[in-house]
Amino acid sequence: MKNFINISDISKKELRLIIDNAKLRKENRANLKKNSIDADAPLEGKILIMIFEKPSTRTRISFDLAVKQLGGKSLILNPNDIHYGIGNESLHDTAKILSQYADIVMLRTDAHKKVEDFSKYLNIPIINGLTDLSHPCQIMSDIMTFEELKGPIKNKKIVCLGDGNNVVYSLIEAAVQFDFELRIACPKGFEPSKDILQWAKKNKGNISVTKDPIDAVSSADCVITDKWISMSDKINKKKKKKMLKPYQVNNKIMKKANKDSIFMHCLPASRGEEVTNEVIDGKQSAVWLEALNRIHVQKSIIEWCLNN
Ligand code: CP
Ligand code: NVA
């Protein structure tokens, strides 16, 4: 069974195939309408079930469109309307049932362990649609987007400012697997987890963490940030925002990066906090393409999961 849970679980070769197939599928349907089906319709007769235990705009719509374009169907389950979500049924039993009704599952949830536990009980593949720990589909779209605009990401310098959250976790895994340099700037107490940094070091990743945002962005090919307060954050939000203020991506920061660098953000954004309007709406911003490419990369992820 091929699950898409952690970028670190998948070989460099397979990850490259996923990105290249996404690019090819995007090119091949350049003249098709948004809801038209790809000529080969590889998902004909197949169903994706999606469960969202947290809000979502992009992941929800892009997965739905991805499945439709591949010729399949998707079904979105609201946790409040299903037995597992309201605690009437175990994860184990729900997984057995979904395995009979569907061909593949996508789960957005809080605890990463829930996706891993679910995968043990399912007889069909599962895709991680964001957990408190990671957001691999987003980072695959970021890789595709970077390469579409700037060419191969290998040996390029990507700089991430702000909170060391789930997006950064997946970015660290990707830096190792796609061989790019990653520099992370964050205040004390908001660094990425030690475990993932140790894994990256063991796997010869070119990754460094600093407190200095200005120094970090020097000669960056891409500057990335994300919301300072993630969906699961229960900490003192006011204090966290104050500490992260110097890490805001604004024109002053972008001027220190390479002239032809791009800006990325997974969205949703808190404009005026982690990023200013002039940067997110500016010429270097790639945020809309990142969101669009979620469709194309997720088509490729689904195909990869279903091809044994
Ligand atoms: N970037 C992203 O995953 O967006 P949503 O929360 O809207 O799905
Ligand atoms: N770090 C953010 C990402 C949203 C797509 C969150 O977890 O809320």
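Note that the coordinates shown come from a computational prediction; the quantities given were computed from them, not determined experimentally.

Attention now goes to the packing of aromatic side chains. Applying the stated rule across the entire model yields two aromatic pairs. Ring geometry for Phe4 versus Trp304: centroids 6.5 Å apart, planes at 80°, classification edge-to-face. Of this pair, Phe4 sits in the segment before helix H1 (12-28) while Trp304 sits in helix H12 (residues 287-306), placing them 300 residues apart in sequence. Looking at Phe4, the relative accessible area reads 0%, which means it is buried.

Before going further, it helps to examine the site of ligand 2. As a matter of local geometry, ligand 2 sits amid Leu130, His135, Asn165, Asn166, Asp226, Ser230, Met231, Cys266 and Leu267. Here Asp226 contributes a side-chain N or O atom positioned 2.7 Å from a nitrogen atom of ligand 2. Ser230 places a side-chain nitrogen or oxygen 2.7 Å from a nitrogen atom of ligand 2. Considering ligand 2 on its own, with 270 Å² of exposed area, one finds that the protein chains cover 96% of that surface. Of the residues in the shell around ligand 2, the class split is four nonpolar, four polar and one charged.

Our focus in this paragraph is the pattern of salt bridges. All chains considered together, the criterion is met by 23 salt bridges. When the shortest N-O distance is used, the salt bridge between Glu147 and Lys23 registers 2.8 Å. With Glu147 in helix H5 (residues 136-150) and Lys23 in helix H1, the pair connects residues that are 124 residues apart, well separated along the chain. Exposure remark for Lys23: the relative accessible area of 26% places this residue in the partly exposed category. Where Arg29 meets Asp38, a salt bridge forms, and the shortest distance between an N and an O atom there is 2.6 Å. An identical accessibility class is assigned to Arg29 and Asp38; each is buried. Here the residues in one salt-bridge network are Arg25, Arg29, Asp38, Asp40, Lys299 and Glu303, joined through shared partners.

Attention now goes to the site of ligand 1. By nearness alone, every residue bordering ligand 1 is listed as Ser56, Thr57, Arg58, Thr59, Arg108, His135, Gln138, Cys266, Leu267 and Arg294. Within the side chain of Thr59, an N or O atom sits 2.7 Å from an oxygen atom of ligand 1. A distance of 2.8 Å separates an oxygen atom of ligand 1 from a polar atom in the side chain of His135. Burial of ligand 1 by the protein amounts to 96% of the accessible area it has alone, namely 260 Å². Counting atoms within 2 Å of the grid points, the majority share of ligand 1 lands in the largest pocket.

This next bit is on unusual backbone geometry. One can expect most non-glycine residues to show negative phi and most peptide bonds to be in trans. Note that the residue after Leu267, namely Pro268, is joined by a cis bond; omega there is 5°. Its place among the elements puts Pro268 in the loop between strand E9 (262-265) and helix H11 (277-280). Look at Asp179: it is not a glycine, yet its phi comes out positive at around 55°. The backbone of Leu267 sits at a positive phi, close to 65°, despite the residue not being glycine.

Ordered in space as E7-E6-E5-E8-E9, the five strands form an open sheet in which the pairing is parallel. Each of the sheet's edge strands pairs with one partner strand only, and the pair in question is strand E7 (207-210) and E9. Taken pair by pair, the neighbouring strands of this sheet meet at an average axis angle of 20°, ignoring direction. Bridge analysis of strand E5 (residues 157-161) against strand E8 (residues 222-225) gives three bridges, and the strand direction is parallel. Bridged to Val159 within E8 is Val223. Contacts from H5 reach E5, E8 and E9, with the element oriented near 160° to E9.

Before going further, it helps to spend a moment on the layout of surface pockets. In this structure, the largest pocket occupies an estimated 630 Å³ of space. Residue lining of the largest pocket: 38 residues in total, with Asn165, Asn166, Asp226, Ser230 and Met231 positioned closest to the centre. Lining the second largest pocket we find Lys26, Arg29, Ala30, Leu32, Lys33, Lys34, Leu65, Gln69, Leu292, Ile295 and His296. Every element with two or more residues in the lining of the second largest pocket is listed here: helix H2 (58-69) and H12. Partitioned by chemical class, the residues of the lining of the second largest pocket number five nonpolar, two polar and four charged.

Another aspect to go through is helix H6 (residues 166-177). In this model, H6 (12 residues) spans 17 Å end to end at C-alpha, consistent with the 16 Å of a helix rising 1.5 Å per residue. Most of H6 sits inside the fold, with 12 of its 12 residues counted as buried. Considered for burial, the residues of H6 that qualify are Asn166, Val167, Val168, Tyr169, Ser170, Leu171, Ile172, Glu173, Ala174, Ala175, Val176 and Gln177. Its side-chain oxygen at 3.1 Å from the backbone nitrogen of Val167, Asn165 defines the N-terminal cap of H6. Note on H6: the residue one or two positions beyond its end, Asp179, has a positive phi of about 55°.

Here the focus is empty space enclosed by the protein. It is the rolling of a water-molecule-sized probe over the atoms that shows where space remains empty. All told, the structure shown has one cavity of 30 Å³ or more when counted by the stated rule. Around the largest cavity, the lining residues are Ile139, Asp142, Ile143, Ile153, Ile158, Leu171, Phe180, Ile224 and Met264. Of the residues forming the lining of the largest cavity, the biggest block, three residues, is contributed by H5.

What counts and what doesn't
Residues numbered from 1 in each chain as written. Chains lettered and ligands numbered in written order. Predicted model: local features only at pLDDT ≥ 70, side-chain atom pairs only at ≥ 80, totals over all residues. Heavy atoms only, no water. Phe/Tyr/Trp six-rings, centres within 6.5 Å; stacked < 30°, edge-to-face > 60°. Helix = DSSP H or I, 4+ residues; strand = E, 2+ residues; numbered from the N terminus. Buried < 20%, exposed > 50% of the residue type's maximum accessible area, 1.4 Å probe, protein only. Near = heavy atom within 4 Å. Polar contact = N/O pair within 3.5 Å; in protein donor to acceptor, adjacent residues only side chain to side chain. Areas by Shrake-Rupley, 256 points an atom, 1.4 Å probe, with all protein chains shown as cover. Nonpolar A, V, L, I, M, F, W, Y, C, P; charged D, E, K, R; others polar. Salt bridge = Lys/Arg side-chain N within 4 Å of Asp/Glu carboxyl O. 1 Å grid on protein atoms, 1.4 Å probe; cavity = no way out; pocket = protein on both sides within 12 Å on 5 of 7 lines; lining within 4 Å. Sits in = over half its atoms within 2 Å of the grid points. Pairing = 2+ DSSP bridges. Axes fitted to C-alpha atoms, helices over the stretch in contact; angles between N-to-C directions. Contact = heavy atoms within 4.5 Å. Points joined across faces, edges and corners; volume = space filled by probe spheres on them. Expected span 1.5 Å × (residues − 1).

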